[in-house]
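Coordinate analysis (summary)
Each chain, letter by letter, is given below.
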Amino acid sequence: MNKPTIAFETLGCKLNFAETSAIARSISVARRVPFDGPADVYAINTCTVTANAEKKLREMIRQVKRRRPAAKVIAFGCFAQRDAEAVAAIPGVDLVLGLNEKFRMNQHILPLLRGETGGIIEGDDAEQLGFLPAFSSGDRTRSFLKIQDGCDYPCTYCIIPTARGKGRNPALESIVEQARELARQGVKEIILTGVNIGTFKDEHQGKTRNFFDLIRALDAVEGIERYRISSIEPNLLTDEIIHFTLGESRSFLPHFHIPLQSGSNTVLGMMRRRYRRELHWQRVEQIKALRPDAGVGVDVIVGFPGETDELFRETYAFLKELPFTYLHVFPYSDRPGTPASRTKDKVSGAVKKERSRLLRELSARKHALFVQEQLDGVRPVLFENDIREGRIYGWTDNYIRVSVPYAPELPGSIRRVRLLEQTAYGAAGKIIEG
Ligand code: SF4
């Protein structure tokens, strides 16, 4: 008898992608099919980091039900964990799975199709959550490897601790073993992923090991040629991590992504962030002093409640001088239940839009300058299965998107590329043999 079909889609972050991939691999009772085609079951990994992410879920379900009215819809992930009732109330949702229950999806599919189950199945209470491993294994070139989950930080705007629970991680050895498994599968690049990965810590034979110990152990795994640290808090990005990554490490790339959130210490205080702008500045300066060609990405939130024009100008002035290479700009989004959502002095949508535009413009200018500095230089590029109009795409070590003319032997290979010409996405180049 033909197996029913299931299609997966992911909203949100790299961690969600890793978990969707792991859950999809665990499904044996149904056959996986593409999300934009017909399926008996559609399973959507949800996000709750902004109101917009929740809006996207509603729109996605409307489209699915328009396409396949009889299909079943399973919703899981952070929005489903934060407010299962609200997700269950979305027209078209048949089953909502809690944070741990999502990893047991395989046992719910056939009962759902037979109409024997539905509604909300939450499973374990957030507090007692263990750590469930996950890694993405889509195109076998790059893999998001989950090394940590949850968070204990008190950032006043953030809903993630509510959605994902307390900070936790597995033993160092189990992550190293997963990296070995990915090497056996031919993966070339691993992106270390989690919620607050710099808080990684485990006890082993009476010794506490931290994130620095973990990256040194991973660096020794044969077969993985490149590691990227997806994002790390400035107060957790220590000198030894920077010196190791940019110095003696064999495979960690000269690319850091360091959330700032605001360039105003007043706003950082209101956000209850665990650092002040001077520390962030010092970290970026240190990286650029060691490797002027390093890629440095920065997250920033605009329109936090109480962010006056003057405080925003402080952020703009700070970022204008900071030697970053690209920004991720997020308009503040009120998250129910967070301390920030209970404050006054909310910033209007129009002002948030204008502040976002100004920072994205600044980011585009700085990124263009960074690429110009690299032109005519040679960088290692890992080519992915991203082939468009006769060109194949990949990331340089320092996080510039590059394309070269397609050749069948290129997907999944790391080649030296001379960057020839600036483009909207990064740079066009040519392979340098030898
Ligand atoms: S560090 Fe702050 S912003 Fe990041 S996940 Fe934790 S609480 Fe949220």
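Definitions and limits used
Residues numbered from 1 in each chain as written. Predicted model: local features only at pLDDT ≥ 70, side-chain atom pairs only at ≥ 80, totals over all residues. Heavy atoms only, no water. Domains from an automatic or database assignment. Contact = heavy atoms within 4.5 Å. Buried area = accessible area lost by both parts, 1.4 Å probe. Salt bridge = Lys/Arg side-chain N within 4 Å of Asp/Glu carboxyl O. Polar contact = N/O pair within 3.5 Å; in protein donor to acceptor, adjacent residues only side chain to side chain. Helix = DSSP H or I, 4+ residues; strand = E, 2+ residues; numbered from the N terminus. Nonpolar A, V, L, I, M, F, W, Y, C, P; charged D, E, K, R; others polar. Near = heavy atom within 4 Å. Core = buried A, V, L, I, M, F, W, Y, C linked by side-chain atoms within 4.5 Å. Buried < 20%, exposed > 50% of the residue type's maximum accessible area, 1.4 Å probe, protein only. Pairing = 2+ DSSP bridges. Axes fitted to C-alpha atoms, helices over the stretch in contact; angles between N-to-C directions. Phe/Tyr/Trp six-rings, centres within 6.5 Å; stacked < 30°, edge-to-face > 60°. Lys NZ or Arg CZ within 6 Å of the ring centre and 35° of its normal.

Along its sequence, the protein is organised into domain 1 (5-124), domain 2 (130-253), domain 3 (254-373) and domain 4 (375-431). Look at where the C-alpha atoms of domain 2 and domain 3 centre, and you get two points 24 Å apart. Counting residues at the interface gives 25 residues for domain 2 and 29 residues for domain 3. For the pairing of domain 2 and domain 3, the buried interface totals around 2,500 Å² over both sides, and the portion due to carbon and sulfur atoms is 63%. Seen at the junction of domain 2 and domain 3, the total is two salt bridges. A salt bridge links Arg283 to Asp239, with the shortest nitrogen-to-oxygen separation between them at 3.7 Å. There are 12 residue pairs in polar contact (both at pLDDT 80 or more) connecting domain 2 and domain 3. Of all the secondary-structure elements, those providing two or more residues to the side of domain 2 that touches domain 3 are β11 (226-229) and α9 (239-246). Top element by residues in the side of domain 2 that touches domain 3 is α9. It accounts for five residues. Looking at side-chain class alone, the side of domain 2 that touches domain 3 contains 14 nonpolar, seven polar and four charged residues.

Here we take up the site of the ligand. The environment of the ligand is made up of Cys151, Tyr153, Cys155, Tyr157, Cys158, Ile160, Pro161, Val195, Asn196, Glu233 and Arg273. Class assignment for the residues of the shell around the ligand results in eight nonpolar, one polar and two charged.

Once that is clear, we can look at the nonpolar core. By size, the foremost hydrophobic cluster in this structure holds 64 residues, and its most contacted members are Leu192, Phe211, Leu319 and Leu359. Split by domain, this core shows at least three residues from each of two domains, domain 2 (130-253) and domain 3 (254-373). With residues up to four places along the chain from it excluded, the contact list for Leu319 reads Leu260, Val298, Val300, Phe324, Leu327, Leu359, Leu362 and Lys366. With 23 residues, the next largest nonpolar core counts Leu11, Ala39, Met60 and Ile90 among its residues.

Here we come to the sheet that holds strand β12 (residues 255-257). The strand order across the open sheet formed by three strands is β12-β13-β14, and the pairing between neighbours is parallel. Every interior strand has two partners, whereas the edge strands, β12 and β14 (326-331), have only one. Taken over all neighbouring pairs, the strand axes of this sheet differ in orientation by 15° on average, direction set aside. With six bridges connecting them, strand β13 (residues 295-302) and β14 associate as parallel partners. Considered in β14, the bridge of Val302 is made with Pro331.

This next bit is on the side chain of Arg209. Structurally, the position occupied by Arg209 is in strand β10 (residues 207-210). On the basis of relative accessibility, which here comes to 9%, the residue Arg209 falls in the buried class. Reaching out from Arg209, the side chain makes a polar contact with the side chain of Glu173 at a distance of 2.8 Å. For Arg209, the residues in contact, after removing those within four places along its chain, are Leu172, Glu173, Phe200, Lys201, Asp202 and His204.

In this section: the packing of aromatic side chains. Aromatic ring pairs are reported here in terms of the distance separating the ring centres and the angle at which the planes meet. A complete count under the given rule lists 11 aromatic pairs for this structure. Both rings, one in Tyr227 and one in Phe252, keep their centres 4.8 Å apart while their planes meet at 15°; by these two values the pair is stacked. Taken together, the residues span a long stretch of sequence, with Tyr227 in strand β11 and Phe252 in the loop between α9 and β12 at a distance of 25 residues. Taking the relative accessible area as the measure of exposure, Tyr227 reaches 0% and is therefore buried. Residue Phe252 is classed as buried on the basis of its relative accessible area, which comes to 6%. These aromatic residues form a ring-pair network of at least three members: Phe212, Tyr227, Phe244 and Phe252. Here the guanidinium or amino end of Arg25 rests over the ring plane of Phe135, the centre of that ring lying 4.1 Å away. The positively charged end of Arg274 is found above the aromatic ring belonging to Tyr153, 3.9 Å away from the centroid.

Relative to strand β18 (residues 414-422), strand β15 (residues 378-388) runs antiparallel, the two being bridged by five bridges. Within β18, the residue paired with Val381 across the bridge is Arg415. Here five bridges tie β15 to strand β16 (residues 391-396), and the two strands are oriented antiparallel to one another. Each bridged residue has a counterpart across the sheet, and for Val381 the counterpart in β16 is Thr396. Here β15 folds back onto β16, and the loop between the two strands holds two residues, one of which, Glu389, carries a positive phi near 45°.

When α9 is considered as a whole, its buried residues turn out to be Ile241, Ile242, Phe244, Thr245 and Leu246. At its buried positions, α9 is contacted by α8 (211-219), β11, β12 and α11 (277-290).

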